[in-house]
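The primary structure of each chain is shown beneath.
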Amino acid sequence: MKPTLDSDLLRTFVAVADTGNFTKAAEQAGRTQSAVSMQMKKLEDVVGDSLFERGSRGVALTRRGGELIVNARRIVSLLDETAASMVAAPLGGPVRIGIPEEYGHAILSRALGAFAKRHPQVDITVRYAHSGAQIAALAAGELDLAVVFEWQDLSGGEVLMHDPTVWVTSELHHMHEERPVPIALYNRAGWCKDFAIKSLEQRGLAYRVAYTSDTNGGLRLAVTSGLAIAPISRSNIPAGCRELTAADGFGDIDSSNVVLRRNPNASGEAIDGMQEAIREAFTDR
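Analysis parameters
Residues numbered from 1 in each chain as written. Predicted model: local features only at pLDDT ≥ 70, side-chain atom pairs only at ≥ 80, totals over all residues. Heavy atoms only, no water. Helix = DSSP H or I, 4+ residues; strand = E, 2+ residues; numbered from the N terminus. Buried < 20%, exposed > 50% of the residue type's maximum accessible area, 1.4 Å probe, protein only. Contact = heavy atoms within 4.5 Å. Areas by Shrake-Rupley, 256 points an atom, 1.4 Å probe, with all protein chains shown as cover. Lys, Arg positive; Asp, Glu negative; His and termini not counted. Charge placed at Lys NZ, Arg CZ, Asp CG, Glu CD. Phe/Tyr/Trp six-rings, centres within 6.5 Å; stacked < 30°, edge-to-face > 60°. Salt bridge = Lys/Arg side-chain N within 4 Å of Asp/Glu carboxyl O. Axes fitted to C-alpha atoms, helices over the stretch in contact; angles between N-to-C directions. Parallel < 35°, antiparallel > 145°, perpendicular 65-115°, else oblique. Nonpolar A, V, L, I, M, F, W, Y, C, P; charged D, E, K, R; others polar.

Under an unreviewed UniProt entry, the name given to the chain is LysR family transcriptional regulator, and the source organism is Mesorhizobium temperatum.

A. Spotlight on the overall build of the chain. In terms of helices and strands, the chain carries 9 helices and 12 strands. The principal-axis extent of the C-alpha atoms belonging to the chain is close to 65 × 50 × 30 Å. Scored against the burial criterion, the 285 residues of the chain give a buried share of 42%. The contacts of the chain with a sequence gap of at least 6 include a subset with a gap of at least 24, amounting to 74%. When the accessible surface of the chain is split by element, carbon and sulfur atoms take 51% of a total near 14800 Å². Measuring between centres, the 30 positive side-chain charges of the chain sit 3 Å from its 35 negative side-chain charges.

B. Just the environment of arginine 57, in detail. Mapped onto the elements, arginine 57 comes out in the loop between β1 (52–55) and β2 (58–61). Spatially, the C-alpha atoms of arginine 57 and histidine 174 are 34 Å apart, while their sequence positions differ by 117 residues.

C. Region of the structure containing the packing of aromatic side chains. In total, this model carries 8 aromatic pairs according to the counting rule given. Seen from their ring centres, tyrosine 103 and phenylalanine 149 are 5.8 Å apart, and the 45 degrees between their planes marks the pair as tilted. Taken together, the residues tyrosine 103 in the loop between β3 (92–99) and α5 (104–118) and phenylalanine 149 in strand β5 (residues 145–150) connect sequence positions 46 residues apart. Taken as a pair, tyrosine 103 and phenylalanine 149 share a single burial class, namely buried. Ring plane angle 70 degrees and centroid distance 6.4 Å describe the contact between tyrosine 186 and tryptophan 191, whose orientation is recorded as edge-to-face.

D. Quick look at the pattern of salt bridges. Inspection of the entire model under this criterion finds 16 salt bridges. Across the salt bridge formed by aspartate 144 and arginine 96, the nearest N and O atoms sit 2.9 Å from each other. Separated by 48 residues along the polypeptide, aspartate 144 in the loop between α6 (131–139) and β5 and arginine 96 in strand β3 bring together distant segments of the chain. Among the salt bridges present, the one from glutamate 158 reaches arginine 279, with a minimum N-O distance of 2.6 Å. Taken together, the residues span a long stretch of sequence, with glutamate 158 in strand β6 (residues 158–162) and arginine 279 in helix α9 (residues 269–283) at a distance of 121 residues. In the salt-bridge network here, residues are joined through shared partners; they are Arg63, Arg64 and Glu67.

E. Highlighting the packing of helix α2 (residues 22–29) against helix α3 (residues 33–47). Between α2 and α3, the least distance of the axes is 8 Å, while the angle of their chain directions is 105 degrees. One way to sum up the angle between α2 and α3 is to call them roughly perpendicular. Of the residues in α3, those touching α2 at Phe22, Thr23 and Ala26 are Gln33, Val36, Ser37 and Met40. Partitioned by chemical class, the residues of the contact of α2 with α3 number 4 nonpolar, 3 polar and no charged.

Structure follows, in structure tokens:
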């Protein structure tokens with residue numbers, strides 16, 4: 001006989017898996033810790049196997065728990081999207097978004113997926129470009145919303161996350177050990193000179209520009225292929241690569257905040273809804 005999985009149990013299971021802690025999951029769910037423990041015991045009885053390994057620092061998923069969490073997240077997400085679509089009136093109209101390339105897949109795809117299911121009539125335009133271009137487009141009225149990096153003075157926009165830029169090297173090629181160290185840079189002088197190159201010069205590191213690109217994807221390619229090290233935001237370090245820290249003779253390049261700006265002349269429920277969807281996507285990243 002197939003087990004019957006209760007959606008409330010799955011929601012609590014996801015909360016425990018995300019927090020790694022029964023107490024924090026209980027706070028998130030508005031329940032007592034004992035109630036959460038009882039729920040997880042019930043779910044383990046239904047599944048017929050243990051889902052968590054208890055340790056001094058909290059809990060971790062067992063092999064069986066790791067198998068269940070994938071579908072549990074999908075079920076909870078689908079329930080939330082269904083509930084939202086039932087209470088939200090469909091929106092229409094255009095929304096123009098600017099966002100850095102590095103957040104296109106990880107963040108914007110999540111925001112667009114959730115938003116489009118609720119509001120399929122909205123006409124969405126996305127522009128991928130560096131922050132300077134996005135800010136100019138916003139000021140010119142060409143964008144409604146823009147996600148940008150801010151390195152120094154804050155604009156008064158909404159800070160979505162702190163994501164400093166760091167030097168990144170391939171774990172296979174170790175290009176950071178060469179002297180002069182080969183570096184990959186954006187083919188825009190301002191930020192590269194004021195932050196990336198300055199960070200090397202302050203540490204007395206000899207360097208040579210081995211590769212230039214106008215996109216984050218190009219810098220990631222330079223690192224993974226072993227051409228150079230590159231400045232990449234900490235949240236976007238490619239697989240097989242690592243951050244170069246002070247122990248390696250490097251360190252943070254800047255103290256970037258990722259900020260959501262809105263055109264002050266842009267109004268409408270569609271833009272409001274997309275702004276909220278982007279905010280939620282960064283919160284749930």
